[in-house]
Amino acid sequence: MMKKILLAILVAFPMLAVAQAPKFGVVNSQTIIEAMPEFKAAQEQITTSSKRYEDEFQKLREEAEKKYSEFQGLAADTPESIKERRIQEIQELEQKMQQFHATATQDLQRQQEAAYAPIQEKVHQAIDAVGKENGMTFIFESVMPLYTGTDVTDVTPLVKTRLNIK
């Protein structure tokens, strides 16, 4: 009797293990994000801000070039104090340009983070929901897999469907 119970357990155990096998999925979140209308709107917003900064920087550059040309055009008999003042003006403009560039870069990075964070969160929530609905153990980013077996499911289409993306 004991042998039959042990035999039944030994026969049933591998089947239980197979039934409980982990399910793995892969997703390409970048293609999902790029297909979202929110992403396109955020990109347009960032592009507009970037263009404004570029235009303003171009004005500073033109002003610096004008000052430099004026400096080069000074007569040879121009007093040294005037030359020094012009050099100082050019150096101040260069510093302004460097400071403006650094500030603009930081501001654009902040804008990108603020614009893209809700999009990334929405995609993350959709991936979580798809994983739970399909009993997934893990969902990995599929950017550069070295090997993907046949037992791994690409959940990218499921996530797109969940987000109403075609």
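Notes on the structure follow. Not measured: the values here are computed from a predicted model.

Our next topic: the nonpolar core. Ranked by size, the top nonpolar core spans 19 residues in total, and within it Ile-32, Met-36, Tyr-116, Ile-119, Val-123, Val-159 and Leu-163 carry the most contacts. Of all the secondary-structure elements, those providing two or more residues to this core are helix H2 (29-35), helix H3 (37-72) and helix H4 (80-133). Among the elements that take part in this core, H4 stands out by supplying seven residues, more than any other. Those residues in contact with Met-36, other than ones at most four positions away along the chain, are Ile-119, Lys-122, Val-123, Leu-163 and Ile-165. Within the second largest apolar cluster, five residues are counted, among which are Leu-60, Ala-64, Leu-93 and Met-97.

The interhelical angle for the contact between H3 and H4, taken along N-to-C directions, is 175°, at an axis separation of 10 Å. One way to sum up the angle between H3 and H4 is to call them roughly antiparallel. Residue classes in the contact of H3 with H4 are distributed as 19 nonpolar, seven polar and 12 charged.

To continue, consider the environment of Leu-163. Residue position: Leu-163 is located in the segment after helix H5 (156-162). Through-space distance from the C-alpha of Leu-163 to that of Val-123 is 7.8 Å; in sequence the pair is 40 residues apart. Excluding residues within four positions of it along the chain, Leu-163 makes contact with Ile-32, Met-36, Lys-122, Val-123 and Ala-126.

Judged from the four bridges that link them, strand E1 (residues 24-27) and strand E2 (residues 138-141) form a sheet pairing that is parallel. By the bridge assignment, Val-26 is partnered in E2 with Phe-140. Where E1 lies against strand E3 (residues 152-154), three bridges are found, and the strand directions are parallel. For Val-26, the partnering residue across the bridge sits in E3 and is Asp-154.

Take the pattern of salt bridges next. Should the charged atoms of two oppositely charged side chains come close, the side chains can pair. One pass over the structure, following the stated rule, counts six salt bridges. In this structure, Lys-51 engages Asp-55 in a salt bridge whose closest nitrogen and oxygen atoms are separated by 2.9 Å. With a gap of four residues between them, Lys-51 and Asp-55 both fall in helix H3, about one helical turn apart. With its nearest N and O atoms 2.8 Å apart, the salt bridge here joins Arg-162 to Glu-133. Here Arg-162 is found in helix H5, whereas its partner Glu-133 is found in helix H4, with 29 residues between them in sequence.

Here we come to H3. The terminal C-alpha atoms of H3, which comprises 36 residues, lie 52 Å apart, in line with the 52 Å expected from a rise of 1.5 Å per residue. Taken residue by residue, H3 has Phe-39, Ala-42, Ile-46, Ser-49, Ser-50, Phe-57, Leu-60 and Ala-64 as its buried positions. On its buried face, H3 sits against H2 and H4.

Rules behind the numbers
Residues numbered from 1 in each chain as written. Predicted model: local features only at pLDDT ≥ 70, side-chain atom pairs only at ≥ 80, totals over all residues. Heavy atoms only, no water. Core = buried A, V, L, I, M, F, W, Y, C linked by side-chain atoms within 4.5 Å. Buried < 20%, exposed > 50% of the residue type's maximum accessible area, 1.4 Å probe, protein only. Helix = DSSP H or I, 4+ residues; strand = E, 2+ residues; numbered from the N terminus. Contact = heavy atoms within 4.5 Å. Axes fitted to C-alpha atoms, helices over the stretch in contact; angles between N-to-C directions. Parallel < 35°, antiparallel > 145°, perpendicular 65-115°, else oblique. Nonpolar A, V, L, I, M, F, W, Y, C, P; charged D, E, K, R; others polar. Pairing = 2+ DSSP bridges. Salt bridge = Lys/Arg side-chain N within 4 Å of Asp/Glu carboxyl O. Expected span 1.5 Å × (residues − 1).

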